[in-house]
Amino acid sequence: MARVKRGVTTHAKHKRVLNLAKGYYGRRKNTIRIARQAVEKAGQYAYRDRKVKKRSFRALWIQRINAAVRMEGLTYGTFMHGLKLANIDLDRKVLADIAMHEGAAFSAIIAQAKAALPQAA
């Protein structure tokens, strides 16, 4: 009966984890126990931050829209309310892009939003 060596699967598993830990500092990159922990934690951070990234970008778009709208004498909230009343369905990403790159077009959108607002306010 031949001797069975089972290092192949273990080596493959270790290699996969150590490849994911490439570039880590100290023993996190070359010791399997510590590398496994580091890779698992990195995966948790990545999962969490994919959600956080969406929040961060939405906040950035709102800041850009607010800055552009305030130069025209409105606030962000009243501008968004005016857009709703004017039936302009542009999301914040597109509005922020227009505000950044096409000032004249954004001014026209602001004018439409202002016109749709009730004059009592």
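Quantities reported herein were computed from a predicted structural model and do not represent experimental measurements.

## With respect to the overall build of the protein chain
Then step 1. Check the secondary structure of the protein chain and you find 5 helices and 0 strands.
Then step 2. A compact globule built from 121 residues should have a C-alpha radius of gyration of about 14 Å, whereas the protein chain, at 27 Å, is more than 25% larger.
Then step 3. Structurally, the protein chain occupies a C-alpha span of about 95 × 30 × 25 Å along its principal axes.
Then step 4. Across the protein chain, contacts joining residues at least 24 apart in sequence account for 46% of those joining residues at least 6 apart.

## Some remarks on helix H2 (residues 32-70)
Then step 1. For H2, built from 39 residues, the straight-helix expectation of 57 Å at 1.5 Å per residue is met to within 8% by its first-to-last C-alpha distance of 55 Å.
Then step 2. Its maximal kink placed at Arg50, H2 deviates by approximately 30 degrees.
Then step 3. Along H2, the positions that sit buried rather than exposed are Ile32, Ala35, Ala38, Val39, Ile65, Ala68 and Val69.
Then step 4. For H2, the secondary structure elements touched by its buried residues are helix H1 (7-20), helix H3 (76-85), helix H4 (92-101) and helix H5 (103-116).

## Let's talk about the packing of aromatic side chains
Then step 1. Tallying each qualifying case throughout the model produces 2 aromatic pairs.
Then step 2. Arranged with centres 6.1 Å apart and planes meeting at 40 degrees, the rings of Phe57 and Trp61 form a pair that is tilted. Here Phe57 pairs with Trp61, and both are found in helix H2, just 4 residues apart, close to one helical turn.
Then step 3. Ring geometry for Phe79 and Phe106: centres 5.6 Å apart, planes at 55 degrees, overall tilted. One end of the pair, Phe79, is in helix H3; the other, Phe106, is in helix H5, with 27 residues separating them in the sequence. Each member of the pair, Phe79 as well as Phe106, is classed as buried.
Then step 4. A cation over a ring is seen here: Lys51 above Tyr47, with NZ or CZ 4.0 Å from the ring centre.

## A closer look at the nonpolar core
Nonpolar side chains in soluble globular proteins tend to be buried together.
Then step 1. Counting 18 residues, the largest nonpolar core has Ile65, Val69, Phe79, Leu83, Leu95, Phe106 and Ile109 as the members making the most contacts within it.
Then step 2. Residue assignment for this core shows that the elements contributing at least two residues are H2, H3, H4 and H5.
Then step 3. Not counting the four nearest positions on each side in its chain, Ile65 is found in contact with Tyr76, Phe79, Arg92, Leu95, Ala96 and Phe106.
Then step 4. With 5 residues, the next largest nonpolar core counts Ala21, Ile32, Ala35 and Val39 among its residues.

## Here we look at the pattern of salt bridges
Then step 1. If you walk through the whole model with that rule in mind, you get 1 salt bridge.
Then step 2. Residue Asp49 pairs with Arg48 through a salt bridge whose shortest N-O separation is 2.9 Å.
Then step 3. Classification of Asp49 as partly exposed rests on a relative accessible area of 34%.

## Overview of the environment of Gln44
Then step 1. Within the element layout of this structure, Gln44 appears in helix H2.
Then step 2. Between the C-alpha atom of Gln44 and that of Ala111, which follows or precedes it by 67 residues, the distance is 46 Å.

## So, the packing of H3 against H5
Then step 1. Where H3 meets H5, the axes come as close as 7 Å, and the angle between the chain directions of the two elements is 75 degrees. By the angle class used here, H3 and H5 are roughly perpendicular. Contacts between H3 and H5 involve Phe79, Gly82, Leu83 and Leu85 on the former and, on the latter, Phe106, Ile109, Ile110, Ala113 and Ala116.

What counts as what
- Residues numbered from 1 in each chain as written.
- Predicted model: local features only at pLDDT ≥ 70, side-chain atom pairs only at ≥ 80, totals over all residues.
- Heavy atoms only, no water.
- Helix = DSSP H or I, 4+ residues; strand = E, 2+ residues; numbered from the N terminus.
- Rg over C-alpha atoms; globule rule 2.2 N^0.38 Å.
- Contact = heavy atoms within 4.5 Å.
- Expected span 1.5 Å × (residues − 1).
- Bend = angle between axes of the 7 residues up to and from the residue.
- Buried < 20%, exposed > 50% of the residue type's maximum accessible area, 1.4 Å probe, protein only.
- Phe/Tyr/Trp six-rings, centres within 6.5 Å; stacked < 30°, edge-to-face > 60°.
- Lys NZ or Arg CZ within 6 Å of the ring centre and 35° of its normal.
- Core = buried A, V, L, I, M, F, W, Y, C linked by side-chain atoms within 4.5 Å.
- Salt bridge = Lys/Arg side-chain N within 4 Å of Asp/Glu carboxyl O.
- Axes fitted to C-alpha atoms, helices over the stretch in contact; angles between N-to-C directions.
- Parallel < 35°, antiparallel > 145°, perpendicular 65-115°, else oblique.

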